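Chain residues, written in single-letter form:
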Amino acid sequence: MGKEVTFIHTSDIHLGRSFKYLLGSAKDAKDHLNYILFKIADIAISRRVDIIFISGDLFDKSDPDLNTVNKFIEFAEKLKETNIKVIILPGTHDFLSDNSIYKKVDLFKLIPNVYIFRDQDEFFFEDLSLSVYGIPPISNKTSASPITPFKKDDRALYHVIMAHGSVQIEGKSAKDDTPIEIEDIKNSFADYIALGHWHQIQDFSVQNVHCFYSGSPELIDLDQIKSGFIIYGNLKNKTFENIKVGEREFDELIIDLSSIESVDMLLTKVRKNSNANLIRKVILTGQKREELFGLDILELEDVAKSYFYFLKIEDKTYSDYKFDYPEDVSLVDKIYTENLLSQIENCKDESEKLIYKNALEEGIALLRGIRKL
Ligand SMILES: [Mn+2]
C-alpha cells in the first residue's frame, strides 16, 4: 500500500555567495554554485523524483542579486516541465526579513511548482499523500525548537519536517542556534526530518525517524569536510542514498622547512597530489635553511597556484633564530644580522617578528649572494 514518493534533500547551497576569500577565483566559485544547482536539477529529472526539499540557506543572503535569482527561476522552470515540486524553507542566511526575496510573491508566480514556508507551517500534497512541515526563521537566532510545534495531518500517509537548526550536542551547539533535541527527533511523528544549517552530511536518525543533514552540495568555506552531497530518498521503501555532486575539495598541508634544501624541492612538496579542483592551504613551519633565505611566499604561491583551484601559503616558520656566520663573514653582514636579531627580540608580537625575520633573511640572502626564487 501507498504510492512511492521519492525526493532529493539539499540545503545550504548559498547561491550568490561572494567568496571573497578566494580572491581571483571568487567570480568563478560563485558561478560554479549555479552550475551545481543545475546538476541537482538533472539528477532530480533523471531519477524522476516527486519533490526537492531545500532546508534553508538556498541563498547566501535574504536579498540576492538579480542574476542569482534568475538562475533559481530558470532551475525551477526546468523542474516545472517535468512536474517536480520544489519546497523551500528559509534559513539563517536567507531568513524571512522585510526585504526577503521570498516575500516578492509576484516573482514566484511563474513557478507554481515552488512552495515557500513564509505564512504557513504546512503544505499538504494530496497527489503524493504527503504533508511537509516547517517554521521559517525570521531572524538568525532563536531558542525555539523548529521540529516540535506541528500537529500531524491525518490526511497524509507520509510526513516530512524541514528544519534549519543545530542538533544539540554537548559542547558543540549553541542553545540559541535553533536547537534540535535528539529526544524530540526520537518522539517525532515524521518519517523523515530534512535538516539544514550544518554544511557536512550527517545522520541523526533515531529508531523509525530518519533524520539527516544533507550538508552543502558544494564546498562553501575553506576548511569543510564531508560537504558535496545531496540525499536521494524513497519514503515508501525508507531508503536513503548519498549522491556526490560537489567537485571541490579542501586539504591542509604542513611543510617543515628545516629539511627543505631548495626552492624546487619546496615547490615539489607544495604541488604533491595537486589537482584543478583542490583548495589547498599550506603552512610552512620549522627553521628555514639558509638556501631558502629570501624566499618570497607570494611569488611561490604565484608559481604553484595554477596547479590548484585555489592555493594559500602561510608562513609560520620558527622565529627564534640561531645564526652561524660563514668563516669569512663580512663586517656589514655581522652588523646587519646582529642589529636585526636584537630588533626581533624587541618585537611585541609574532606577526611583527615575522616581518623582521623576513627582513633579516632577505638581507642575508642579498649580502651572501644566495639565489632568490
Ligand atoms: Mn548555511
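These numbers were taken from a predicted model, which means no experiment stands behind them.

Definitions and cut-offs
- Residues numbered from 1 in each chain as written.
- Predicted model: local features only at pLDDT ≥ 70, side-chain atom pairs only at ≥ 80, totals over all residues.
- Helix = DSSP H or I, 4+ residues; strand = E, 2+ residues; numbered from the N terminus.
- Rg over C-alpha atoms; globule rule 2.2 N^0.38 Å.
- Buried ≥ 20, exposed ≤ 12 C-beta atoms within 10 Å, placed from the backbone.
- Contact = placed C-beta atoms within 7 Å.
- Expected span 1.5 Å × (residues − 1).
- Arc of directions from axis to C-beta.
- Pairing = 2+ DSSP bridges.
- Axes fitted to C-alpha atoms, helices over the stretch in contact; angles between N-to-C directions.
- Domains from an automatic or database assignment.
- Parallel < 35°, antiparallel > 145°, perpendicular 65-115°, else oblique.
- Nonpolar A, V, L, I, M, F, W, Y, C, P; charged D, E, K, R; others polar.
- Right-handed = clockwise from strand over helix to strand, strands pointing away.

## Structural notes on the overall build of the protein
At step 1: Scanning the protein for helices and strands turns up seven helices and 17 strands.
At step 2: For a compact globule of 373 residues, the expected C-alpha radius of gyration is about 21 Å, and the protein comes in at 27 Å, more than 25% above that figure.
At step 3: In terms of its C-alpha atoms, the protein occupies a principal-axis envelope of roughly 90 × 40 × 40 Å.
At step 4: For the protein, with 373 residues in total, the buried portion stands at 36%.
At step 5: For the protein, the proportion of contacts with a sequence separation of at least 24, taken over those separated by at least 6, is 71%.

## Focus: helix 2 (residues 66-81)
At step 1: The terminal C-alpha atoms of helix 2 lie 23 Å apart, and with 16 residues this matches the ideal 22 Å at 1.5 Å per residue to within 8%.
At step 2: For helix 2, the set of buried residues is Thr68, Lys71, Phe72, Phe75, Ala76 and Leu79. Along the axis of helix 2, the buried residues cluster in a sector spanning 135°; they form a single face. Residues Leu66, Asn67 and Glu81 are exposed on helix 2 and point more than 90 degrees away from its buried face.
At step 3: On the buried face of helix 2, the contacting elements are helix 1 (26-46), strand 3 (85-89) and strand 4 (114-116).

## Some remarks on the pairing of strand 12 (residues 210-213)
At step 1: Residue alternation in strand 12 divides its side chains into two sets, His210 and Phe212 and Cys211 and Tyr213, and both sets are buried.
At step 2: With two bridges connecting them, strand 11 (residues 202-203) and strand 12 associate as antiparallel partners. Paired with aspartate 203 across the bridge in strand 12 is phenylalanine 212.
At step 3: Here strand 11 hands over to strand 12 after six residues, with glutamine 207 in that stretch at a positive phi of 50°.

## Section: the sheet that holds strand 6 (residues 130-133)
At step 1: Strand order in this open sheet of six strands is 5-6-7-10-12-11, and the pairing throughout is mixed. Single-partner strands in this sheet number two, and they are strand 5 (122-125) and strand 11.
At step 2: By the bridge criterion, four bridges tie strand 10 (residues 192-196) to strand 12 in an arrangement that is parallel. When the sheet's bridge partners are listed, leucine 195 is paired in strand 12 with tyrosine 213.

## Quick word on the sheet that holds strand 17 (residues 310-315)
At step 1: With parallel pairing, the three strands of this open sheet are ordered in space as 15-16-17. At either end of the open sheet lies a strand with only one pairing partner, and these are strand 15 (249-256) and strand 17. The average angle at which neighbouring strand axes cross in this sheet is 15°, direction not considered.
At step 2: As judged from the six bridges shared by strand 16 (residues 278-285) and strand 17, these two strands associate in the parallel manner. If you follow isoleucine 283 over to strand 17, its bridge partner there is glutamate 314.

## Topic: the domain arrangement of the protein
At step 1: According to the domain assignment, the protein consists of domain 1 (6-244) and domain 2 (250-367).
At step 2: For domain 1 and domain 2, the distance between their C-alpha centroids amounts to 45 Å.
At step 3: Counting residues at the interface gives six residues for domain 1 and five residues for domain 2.

## Side note on the packing of helix 1 against helix 2
At step 1: Viewed as axis vectors pointing N to C, helix 1 and helix 2 meet at an angle of 10°, and their least axial separation amounts to 10 Å. When the axis of helix 1 is compared with that of helix 2, the two are roughly parallel. Facing Asn34, Leu37, Phe38, Ala41 and Ala44 of helix 1, the residues of helix 2 in contact are Lys71, Phe75, Lys78 and Leu79.
At step 2: Classifying every residue of the contact of helix 1 with helix 2 gives six nonpolar, one polar and two charged.

## Some remarks on the pairing of strand 3
At step 1: The buried fraction of strand 3 is high, at five of five residues.
At step 2: Both faces of strand 3 are covered, namely the face carrying Lys85, Ile87 and Leu89 and the face carrying Val86 and Ile88.
At step 3: As defined by bridge partners, strand 2 (residues 51-55) adjoins strand 3 across five bridges and the pair is classed as parallel. Bridge assignment links serine 55 to a residue of strand 3, and that residue is leucine 89.
At step 4: What joins strand 2 to strand 3 is helix 2, and the crossover it makes is right-handed.
At step 5: Examined bridge by bridge, strand 3 and strand 4 share three bridges and lie parallel to one another. Paired with isoleucine 87 across the two strands is tyrosine 115, which belongs to strand 4.

## Observations concerning the environment of cysteine 211
At step 1: By secondary structure assignment, the location of cysteine 211 is in strand 12.
At step 2: Sequence-wise, cysteine 211 and alanine 194 are 17 residues apart; in three dimensions their C-alpha atoms are separated by 6.2 Å.
At step 3: When residues no more than four places from it in sequence are discounted, the contact partners of cysteine 211 are Ile185, Ile193, Leu195, Phe204, Ser205 and Val206.

## Notes on unusual backbone geometry
At step 1: Even without glycine at this site, glutamine 207 takes up a positive phi of about 50°.
At step 2: Within the secondary structure layout, glutamine 207 lies in the loop between strand 11 and strand 12.
At step 3: Unlike most non-glycine residues, asparagine 273 shows phi in positive territory, near 55°.
At step 4: Mapped onto the elements, asparagine 273 comes out in the loop between helix 4 (263-271) and strand 16.

## Notes on the environment of glutamate 77
At step 1: With respect to the helices and strands, glutamate 77 occurs in helix 2.
At step 2: Residues glutamate 77 and tyrosine 21 lie 56 residues apart in sequence; the distance between their C-alpha atoms is 32 Å.

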